[in-house]
Amino acid sequence: VAQAPAKELDRAMVAHTDTAVGNGVDAVVEKVCNDELPVHSLERELGDCARAVLVRREWLKRQPGVASAEAVGRVPHEGFDYDAVHGACAEMVFGYIPLPVGVAGPLLLNGKTYQVPLATVEGALIASTRRGCKAITAAGGASAAVLSQGMTRAPVIRFPSAIRAAAFAAWMHDPANLAVAQEQFATTTRFGRLTSCRVTVAGRYAYARFVCATGDAMGMNMVSKGVSAVLDFLSAGSFGDLELLGLSGNVCCDKKAAAVNWISGRGCSVVAEATIPGHVVESVLKTTVAAACELNVAKNLIGSAMAGALGGFNAHASNIVTALYLACGQDAAQNVESSQCITLLEPANGGADLHVSVTMPSIEVGTVGGGTILAPQRACLEMLGVAGAGQEAGSHARELATVVAGAVLAGELSLLAALSAGHLMRAHLAHNRKPAAP
């Protein structure tokens, strides 16, 4: 962690030991409470991230809006690598929240066996997903393929007239001009590459949706930096009249359910499938091929259509996506678009067996950067064999995306089976309810 020079008094307080709290924390807390030391930059001012957390906890106990100072003390803080968090993952840190992590597996996917880590507080979720993994593995495994890979950013640009906005769109859609934009993008990164751009015009507003390869990073920051360079180049040249209103114009579309992601994809677009023999459907999943297929149509297709779902033609894809994202250091808020999924069940081999598939057009994952730098989350990626950068650019991110889809496939299969057999409430009562105290 970079250590900025401290004031002489601050140095004395850093060196002081106070037996009440330790390491001069009480004295520093007084300075913070008196607005002599900024609470948001304690890590920089003190040069010690763990100590900054101690000071901030004591400061927080005295603040309005905290209903219980004792509650602050019950949020754990010891034994955490705050140096890794600082400047990368969170600000104003005063502790951490432990989450239980379970494992669903073995999942045989593309000829490789995985034990999938899932962090959740929803009882029965891991047990159910594990049952789906058992059925898939007993059936000989699932297959998954990445259909496309590319992170997007779509700034909103305003022009003096709609005609100028249309001219900008025409310019960007010319392959020769795209090559010019690609050169400018490449000046900002060794790993990223601009692959395409489509512009949507609404009156004087133009939304340029840049699609970029980002290697094994999820890549939002990389793409934003590259897109900024392209726009700076254009504003200094042929489009000096462009006015950048925002680097994100919501056509990207990040952390919101949107048709553009459902149709065009974002991150990794993945399809996964398996054929489950009828005897496995009956012995492991405790249902029948006909019952599972009938429910899927009525629930995931017709029911979702009646609800006006956008990419929500599934039973509970977001459950598995979010639990895996939390375990593996992904951006949990991106579960919104990453969970867009259509689940299809069909009779196979004359109705004797069950074919199941999930198609997920916008799984946004990375195996470098962000929360993957934290040791526990990286350990979960190491369990899957996808930590860090792959030998081929983007290969680890693509593999992780297929694991996400494979785990969703297992979760969908098991929940639909439980619903079609009437076992869902029984499972939740067994795994999600503690007996009443005597």
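**Observations regarding the overall build of the chain**
Now for step 1: When you go through the chain residue by residue, the secondary structure sums to 18 helices and 11 strands.
Now for step 2: Seen through its principal axes, the chain has C-alpha atoms that stretch 80 × 75 × 40 Å.
Now for step 3: Restricting the contact set of the chain to residue pairs at least 6 apart, pairs at least 24 apart contribute 70%.
Now for step 4: Working note: accessible area of the chain is about 19,900 Å², and carbon and sulfur atoms make up 56% of it.
Now for step 5: Taking the average location of the 33 positive side-chain charges in the chain and that of its 36 negative ones, the two points are 3 Å from each other.

**A word on the confidence of the model for the chain**
Now for step 1: For the chain, the mean per-residue pLDDT works out to 93, and 91% of the residues sit at or above 70.
Now for step 2: Confidence over residues 1–22 falls short of pLDDT 50; this stretch has 31 contacts with residues more than four positions distant or in other chains.

**Some remarks on helix H16 (residues 375–384)**
Now for step 1: Turning to H16, its buried residues number three or more, namely Gln 377, Cys 380, Leu 381 and Leu 384. Buried residues along H16 cover an arc of 100° about the axis, so they all sit on one side. Exposed side chains of H16 directed beyond 90 degrees from the buried face belong to Ala 375 and Pro 376.
Now for step 2: As for H16, its buried residues are in contact with strand S2 (112–119), helix H14 (317–327) and helix H17 (395–421).
Now for step 3: Trailing H16 by a residue or two, Gly 385 shows a phi angle of about 80°, which is positive.

**Regarding the packing of aromatic side chains**
In this description, an aromatic ring pair is defined by two values, namely the gap between the centres and the angle between the planes.
Now for step 1: According to the stated counting rule, one finds 7 aromatic pairs in the structure shown.
Now for step 2: Ring centres of Trp 171 and Phe 239 lie 5.9 Å apart, and the angle between their planes is 80°; on these two criteria the pair is classed as edge-to-face. Of this pair, Trp 171 sits in helix H8 (residues 162–173) while Phe 239 sits in the loop between helix H10 (220–235) and strand S7 (243–246), placing them 68 residues apart in sequence.
Now for step 3: Classification of Trp 171 as buried rests on a relative accessible area of 18%.
Now for step 4: Overall, Phe 239 belongs to the buried group, its relative accessible area being 3%.
Now for step 5: An aromatic cluster is present here, built from Phe 159, Phe 168, Trp 171 and Phe 239 joined pairwise through their rings.

**Concerning the packing of helix H2 (residues 25–33) against helix H4 (residues 49–61)**
Now for step 1: Interaxial distance between H2 and H4 falls to 9 Å at its minimum, and their mutual angle equals 60°. It follows from the interaxial angle that H2 and H4 lie oblique. The handedness of the crossing between H2 and H4 comes out as right-handed. Each of Val 25, Val 28, Val 29, Val 32 and Cys 33 in H2 lies in contact with H4, whose residues at this interface are Arg 51, Leu 54, Val 55, Glu 58 and Trp 59.
Now for step 2: Within the contact of H2 with H4, the residues separate by chemical class into 8 nonpolar, no polar and 2 charged.

**Considering the pairing of strand S10 (residues 341–348)**
Now for step 1: Sheet topology note: the strand S9 (residues 312–313)/S10 ladder contains 2 bridges and is parallel. Looking across to S10, one finds that Phe 313 is bridged to Ile 342.
Now for step 2: Bridge count for S10 against strand S11 (residues 353–363) is 7 bridges, and the pairing is antiparallel. Residue pairing across strands places Thr 343 opposite Val 358, the latter belonging to S11.

**Observations concerning the pattern of salt bridges**
Now for step 1: Considering all chains together, one arrives at 13 salt bridges under this definition.
Now for step 2: A salt bridge links Asp 241 to Arg 164; its shortest N-O distance comes to 2.7 Å. Of the two residues, Asp 241 is situated in the loop between H10 and S7 and Arg 164 in helix H8; the sequence distance between them amounts to 77 residues.
Now for step 3: Residue Asp 241 is classed as partly exposed on the basis of its relative accessible area of 26%.
Now for step 4: One salt-bridge network, held together by shared partners, links Asp 254, Arg 266, Glu 337 and Glu 364.

**Looking at the side chain of Glu 364**
Now for step 1: Among the secondary structure elements, Glu 364 is positioned in the loop between S11 and H16.
Now for step 2: For Glu 364, the side chain forms a polar contact with the side chain of Gln 334, separated by 3.3 Å.
Now for step 3: Apart from the residues within four sequence positions on either side, Glu 364 is in contact with Met 151, Met 218, Asp 254, Arg 266, Gly 267, Tyr 325, Gln 330, Gln 334, Glu 337 and Ser 338.

What counts and how
Residue numbers restart at each chain and count upward from 1, following the sequence in its written direction. Confidence filtering applies because this is a predicted model: local features only for residues at pLDDT of at least 70, side-chain atom pairs given and counted only at 80 or more, and all residues used for totals across whole chains, interfaces and linings. Excluding hydrogens and water, the side-chain values take into account all heavy atoms of the structure. Where helices and strands are cited, they refer to DSSP runs of H or I of at least four residues and of E of at least two residues respectively, numbered from the N terminus. The contact criterion used is simple: two residues touch if any of their non-hydrogen atoms lie within 4.5 Å. Residue-level accessible areas treat just the shown protein chains as cover; the underlying method is Shrake-Rupley with a 1.4 Å probe. Positive charges come from Lys and Arg alone, negative charges from Asp and Glu alone, with His and the N- and C-terminal ends not counted. By convention, the charge on Lys lies at NZ, on Arg at CZ, on Asp at CG and on Glu at CD. The pLDDT value tells you how sure the predictor is about a given residue, anywhere from 0 up to 100. Here's how the labels work: a residue is buried when its accessible area is under 20% of the maximum for its type, exposed when over 50%, partly exposed in between, all with a 1.4 Å probe on protein chains only. Arc definition: directions from the helix axis to the C-beta atoms. Think of it this way: a Phe, Tyr or Trp ring, Trp meaning its six-membered ring, pairs with another when their centres are within 6.5 Å, and the plane angle makes it stacked under 30 degrees, edge-to-face over 60, tilted otherwise. Axis angles are defined between N-to-C directions and span 0 to 180 degrees, where every axis is a line fitted to C-alpha atoms and, for a helix, only to the segment in contact. In what follows, roughly perpendicular refers to angles from 65 to 115 degrees, roughly parallel to angles under 35, roughly antiparallel to angles over 145, and oblique to any angle outside these ranges. A crossing counts as left-handed when the near helix is turned anticlockwise from the far one by less than a right angle, and as right-handed when that turn is clockwise. Each residue is assigned to one class: nonpolar for Ala, Val, Leu, Ile, Met, Phe, Trp, Tyr, Cys and Pro, charged for Asp, Glu, Lys and Arg, and polar for all the others, Gly among them. When DSSP locates at least two bridges between a pair of strands, those strands are taken to pair. In what follows, salt bridge is the name for a side-chain nitrogen of Lys or Arg lying within 4 Å of a carboxyl oxygen of Asp or Glu. A 3.5 Å cut-off defines polar contacts: any pair of N or O atoms within that distance qualifies, except that in protein one atom must be a possible hydrogen donor and the other a possible acceptor, and neighbouring residues in sequence count only when both atoms are side-chain atoms.

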